[in-house]
Amino acid sequence: MTNSGFISRFCSIRNNTVVVNNKTEFFRPDEKPEKFLTGVYQHFAIQYPKFYKMDILSKLGFLSVELLLRDTGLLEKYAGHKTGIILMNASSSLDTDRRHQESILDRANYFPSPAVFVYTLPNIMIGEISIRHKITGEGTFFVRERFDASFLVSYIRQLFDTGILQCCITGWTETNGDDYESVMYFVEKTDRPMDGIANFDAATIQKLYDKVK
Amino acid sequence: MEQLIQKLKEEIIDALNLSEMNPEQIDDKAPLFIDGLGLDSIDALELTVLLEKKYGLRISTAEEGKKVLYSVRSMAEFITANGKA
């Protein structure tokens, strides 16, 4: 059997729980998303002060990738320009868009915040992650109504097949008010037979997405 | 002046989401950018907005901005010199 990619690791952050490769790594109930994510950052002793300046979508994506890659050395196997990040969500950067809108509603007190405005695009999250991990390959953000496993697999396989990427961080990172959900996969290109490792196909990533839900 | 510097430090921590810091950790005279607090260009814009929003002061040129936003003390001196302390 051959395939065009396998999932070497996955991570989810939702329902106030962090799960990495099926193992629950952190759980803290009854906390709002912002407080919960700060708790995750502190619990894993991550050192990256810029975290505090990020909007909630970037914090969620940043932490997901931190824990996805933590102590793995996975990225070191690949050149930065052969590593990509392809992410998806339903609400784009709506949370931050709302915050920005609130800051400019009153024309008499019109002080838009640059630190808020800069996050009014979801691909800023990809930029934050790319800076952190020195990733310079393709970075693309798609907005879809729901997690679209077939689309992601088809898009990334094309990048693998055309030699543009050798590995990719992909998944779903969504925030909207008090709702948040992130499921990330680290996918490596291979044309070797792979046994015992999850194949990168739509059914598998959908199953992993549903499983940790 | 010292009271204004203390107040400015608290406002900077709040405006820039420097949650891990407290005012005592900010050196009055240390550069705010690159060294010192390691702030970036977005932070510079945020501090410019802070001066306008809280003190009604505008920085008119990039050159003036470099001098005013050099440190907490230079910001405080700018505020005092313009009678907004």
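Residues numbered from 1 in each chain as written. Chains lettered and ligands numbered in written order. Predicted model: local features only at pLDDT ≥ 70, side-chain atom pairs only at ≥ 80, totals over all residues. Heavy atoms only, no water.

1. Description of the overall build of chain B
Within chain B one finds four helices and zero strands. When the helices and strands of chain B are listed from N to C terminus, the series reads α-α-α-α. Taking 85 residues into account, the globule formula puts the C-alpha radius of gyration at 12 Å, and chain B, at 12 Å, falls close to it. Here the C-alpha coordinates of chain B stretch approximately 30 × 25 × 20 Å along the principal axes. Per-residue burial over chain B gives 41% buried out of 85 residues. If you take every contact in chain B between residues at least 6 apart in sequence, the share linking residues at least 24 apart comes to 55%. Roughly 4800 Å² of accessible area belongs to chain B as shown, and the carbon and sulfur atoms make up 49% of that amount. (Helix = DSSP H or I, 4+ residues; strand = E, 2+ residues; numbered from the N terminus. Rg over C-alpha atoms; globule rule 2.2 N^0.38 Å. Buried < 20%, exposed > 50% of the residue type's maximum accessible area, 1.4 Å probe, protein only. Contact = heavy atoms within 4.5 Å. Areas by Shrake-Rupley, 256 points an atom, 1.4 Å probe, with all protein chains shown as cover.)

2. Focus: the pattern of salt bridges
Close approach of charged atoms lets side chains of opposite charge pair. Residue and element names in this part refer to chain A. Going through the model one piece at a time under the given rule, you end up with 15 salt bridges over all chains. Put simply, Glu-181 and Arg-14 hold a salt bridge, and the shortest N to O gap is 2.6 Å. In this pair, Glu-181 is assigned in strand β7 (residues 179-188) and Arg-14 in strand β1 (residues 6-14), connecting sequence segments 167 residues apart. The exposure class assigned to Arg-14 is buried, which follows from its relative accessible area of 3%. Among the salt bridges present, the one from Asp-95 reaches Arg-98, with a minimum N-O distance of 3.2 Å. Remark: Arg-98 and Asp-95 occur in helix α3 (residues 94-103); sequence separation between them is three residues, near one turn of the helix. By relative accessible area, Asp-95 is classed as buried at 16%. (Salt bridge = Lys/Arg side-chain N within 4 Å of Asp/Glu carboxyl O.)

3. Comments concerning the interface of chain B and chain A
Counting residues at the interface gives 14 residues for chain B, matched by 11 residues for chain A. Surface buried jointly by chain B and chain A totals about 1100 Å² across both partners, of which 62% is contributed by carbon and sulfur atoms. Our enumeration of links across chain B and chain A arrives at one salt bridge. The salt bridge involving Lys-53 of chain A is made with Asp-43 of chain B; its shortest N-O contact spans 2.7 Å. The tally of links from chain B across to chain A stands at three residue pairs in polar contact (both at pLDDT 80 or more). Considered class by class, the residues forming the side of chain B that touches chain A number six nonpolar, two polar and six charged. (Buried area = accessible area lost by both parts, 1.4 Å probe. Polar contact = N/O pair within 3.5 Å; in protein donor to acceptor, adjacent residues only side chain to side chain. Nonpolar A, V, L, I, M, F, W, Y, C, P; charged D, E, K, R; others polar.)

Geometry only, nothing functional implied.
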